[in-house]
Amino acid sequence: MTPGAAPTVSVVVPTRDRPELLREAVTAIRAQDYPGVIEVVVVYDQSTPDPTLADEDPGRPVRVLANDRSAGLSGARNCGILATTGELVAFCDDDDRWLPGKLAAQVTELAAHPDAEFVSCGIQVSYDGTTTDRVLDRDTVPLAALLRDRMTELHPSTFLIRRAALVDGFGLVDEEIPGSYAEDYEFLLRAARSAPLRNLRTPYVLVRWHKRSYFAQRWDTISTALQWLLARYPEFATEPAGEARVAGQIAFAQAAAGHRRGALRWARHTLARNPKEPRAYLAIAVASRAVRPDTVLRTLHRRGRGI
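Residues numbered from 1 in each chain as written. Predicted model: local features only at pLDDT ≥ 70, side-chain atom pairs only at ≥ 80, totals over all residues. Heavy atoms only, no water.

Undergrad: Any chance you could explain the overall build of the chain here in plain terms?
TA: For the chain, the helix and strand inventory stands at 11 helices and 10 strands. Relative to the compact-globule value of 19 Å for 307 residues, the chain shows a C-alpha radius of gyration of 19 Å, a close match. Considered along the principal axes of its C-alpha atoms, the chain spans approximately 60 × 40 × 35 Å. Each of the 307 residues in the chain was classed as buried or not, and the buried ones make up 54%. Across the chain, the fraction of contacts at a sequence separation of at least 24, relative to all contacts at a separation of at least 6, is 73%. Split by element, the accessible area of the chain, about 13400 Å² in all, is 50% carbon and sulfur. Within the chain, one finds 39 positive and 38 negative side-chain charges whose respective centroids are separated by 9 Å. (Helix = DSSP H or I, 4+ residues; strand = E, 2+ residues; numbered from the N terminus. Rg over C-alpha atoms; globule rule 2.2 N^0.38 Å. Buried < 20%, exposed > 50% of the residue type's maximum accessible area, 1.4 Å probe, protein only. Contact = heavy atoms within 4.5 Å. Areas by Shrake-Rupley, 256 points an atom, 1.4 Å probe, with all protein chains shown as cover. Lys, Arg positive; Asp, Glu negative; His and termini not counted. Charge placed at Lys NZ, Arg CZ, Asp CG, Glu CD.)

Put into structure tokens, the structure is as follows:
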């Protein structure tokens, strides 16, 4: 890739009360060995912007904004997207870090596939002192595959998208999802409806999973959001295993929130769609108080996985 051919990439970094990790994320973005301009747009959501982050370096400018859309991750990302100037738009969460080679490899991939609108890559999951590589063993991701499997490897901090697809194509991040939970999955489903996603089989992003997060104890919000997702995408009915996976997540959230009847009802629905879905059995175990939900999550996170 020659400098004259390298498109400007705008990176949207939503942030909330993580100043040290934010600076590390921004530093890693600007340090990418990429011949084109990298514009970083930091969007403060429900927190006070830090103007000292701004930088007018023509090759690596940093802009600082306050979220002027709906509060939460979805609104913050959209605020940043609409303020970008680059041909390509990337996301990076404020507690994640891009690894060397990420941007150049993804831009090259999009250039090689002019019909593609979206490219992702693998991740390294860091949790409680352990780092696990998660790499998707495929080059393209059609909608049917995403309905079957959320594919945790497709993490928002890996997304690189043509800006035209965001503003004139499949659209911005949905701001109607309850609590902004699973907004990244809905975004992926909508993008895959438009065109199959491209994927690189290399872990180019370090993703930190924390013992405490904004969703750690918001089980009712998680349950409501996932029910909203099933209603929004009737295509799940064509993929029983995929519908069972989401239903199993709802069952687990209901159990973790202490709603035993709801948990058992959703567990039954899950098993009717796929008797082998493990989330149903985990939900039943939590609902019966045989195991605590945080114990389940800690065990999964140590393996680089989630519920």
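Undergrad: It is not clear to me how the environment of Gly248 should be interpreted in this structure. Could you clarify?
TA: Along the chain, the position of Gly248 falls in helix α8 (residues 240-256). Considered as a pair, Gly248 and Tyr233 are 15 residues apart in the sequence and their alpha carbons are 16 Å apart. Aside from chain neighbours lying at most four places away, what touches Gly248 is Thr270 and Arg279.

Undergrad: Just checking my understanding: could you explain the packing of helix α6 (residues 183-194) against helix α7 (residues 219-232) for this structure?
TA: One can describe the packing of α6 onto α7 by two numbers: an axis separation of 11 Å at closest approach and a directional angle of 15 degrees. By the angle class used here, α6 and α7 are roughly parallel. Crossing geometry of α6 relative to α7 is assigned as right-handed. Here α6 contributes Tyr185, Glu186, Leu189 and Arg193 to the contact with α7, which in turn contributes Trp228, Leu229 and Arg232. Residue composition of the contact of α6 with α7, by class: 4 nonpolar, no polar and 3 charged. (Axes fitted to C-alpha atoms, helices over the stretch in contact; angles between N-to-C directions. Parallel < 35°, antiparallel > 145°, perpendicular 65-115°, else oblique. Left-handed = near helix turned anticlockwise from the far one by under 90°. Nonpolar A, V, L, I, M, F, W, Y, C, P; charged D, E, K, R; others polar.)

Undergrad: Where do I start with the pattern of salt bridges in this structure?
TA: Tallying each qualifying case throughout the model produces 24 salt bridges. We note a salt bridge from Arg201 to Asp139, for which the minimum N-O separation is 2.9 Å. Of this pair, Arg201 sits in strand β10 (residues 197-208) while Asp139 is found in the loop between β7 (130-134) and β8 (140-141), placing the two residues 62 residues apart along the sequence. Judged by relative accessible area, Arg201 falls into the partly exposed class, the value being 42%. Among the residues examined, Asp139 registers a relative accessible area of 37% and is labelled partly exposed. (Salt bridge = Lys/Arg side-chain N within 4 Å of Asp/Glu carboxyl O.)

Undergrad: Explain the side chain of Ser223 here, please?
TA: Mapped onto the elements of the fold, Ser223 is located in helix α7. Accessibility expressed as a relative area gives 2% for Ser223, which makes it buried. For Ser223, the side chain forms a polar contact with the side chain of Gln254, separated by 2.9 Å. Sequence-distant contacts of Ser223, that is, excluding residues within four places in its chain, are made with Ile250, Ala253 and Gln254. (Polar contact = N/O pair within 3.5 Å; in protein donor to acceptor, adjacent residues only side chain to side chain.)

Undergrad: What should I look at first to understand the nonpolar core in this one?
TA: A general trend in soluble globular proteins is that nonpolar side chains are found buried together. In this structure, Phe91, Leu146, Ile161, Phe187, Leu189, Leu197 and Phe236 are the most contacted members of the largest nonpolar core, which totals 60 residues. It is α8 that provides the largest number of residues to this core, a total of 8 residues. Setting aside anything within four residues of it in sequence, one finds Ile161 in contact with Glu87, Leu88, Val89, Phe91, Glu117, Phe118, Leu166, Phe170 and Phe187. Val26, Val40, Leu53 and Ala116 belong to the second largest nonpolar core, which has 34 residues in total. (Core = buried A, V, L, I, M, F, W, Y, C linked by side-chain atoms within 4.5 Å.)

Undergrad: Before we go on, may I ask you to explain the packing of aromatic side chains in this structure?
TA: For the coordinates displayed, the defined rule picks out 8 aromatic pairs. Between Phe118 and Phe187, the ring centres sit 6.3 Å apart and the planes meet at 45 degrees, which makes this aromatic pair tilted. In this pair, Phe118 is assigned in strand β6 (residues 118-127) and Phe187 in helix α6, connecting sequence segments 69 residues apart. On the accessibility criterion, Phe118 (2% relative accessible area) is buried. Given a relative accessible area of 1%, Phe187 falls into the buried group. (Phe/Tyr/Trp six-rings, centres within 6.5 Å; stacked < 30°, edge-to-face > 60°.)

Undergrad: What is the right way to read the confidence of the model for the chain from this model?
TA: Any segment with low pLDDT has predicted coordinates that should not be analysed in fine detail. The predicted model of the chain averages 93 in pLDDT, with 96% of residues at 70 or higher. Counting interchain partners and residues more than four positions distant, the pLDDT-below-50 stretch residues 212-216 has 6 contacts. (pLDDT = per-residue confidence, 0-100.)

Undergrad: Would you take a moment to explain helix α1 (residues 19-30) for this structure?
TA: Two residues of an α-helix separated by three or four positions point the same way, owing to the 3.6 residues in each turn. The end-to-end C-alpha distance of α1 is 17 Å, a good match for the 16 Å that 12 residues give at a rise of 1.5 Å each. Considering only its buried residues, α1 is in contact with β1 (9-15), β2 (38-44), β3 (62-66) and β5 (97-98). (Expected span 1.5 Å × (residues − 1).)

Undergrad: Explain the packing of helix α9 (residues 260-273) against helix α10 (residues 278-287) to me, please; I cannot follow it from the model alone.
TA: Between two packed helices, the angle of one axis relative to the other and the distance separating the axes together describe the packing. The contact between α9 and α10 brings their axes to 9 Å, and the two run at 160 degrees. When the axes of α9 and α10 are compared, the pair comes out roughly antiparallel. Here the hand of the crossing between α9 and α10 comes out left-handed. Only Ala280, Tyr281, Ile284 and Ala287 of α10 make contact with α9, whose side of the interface consists of Arg260, Ala263, Leu264, Ala267, Thr270 and Leu271. Partitioning the contact of α9 with α10 into residue classes produces 8 nonpolar, 1 polar and 1 charged.

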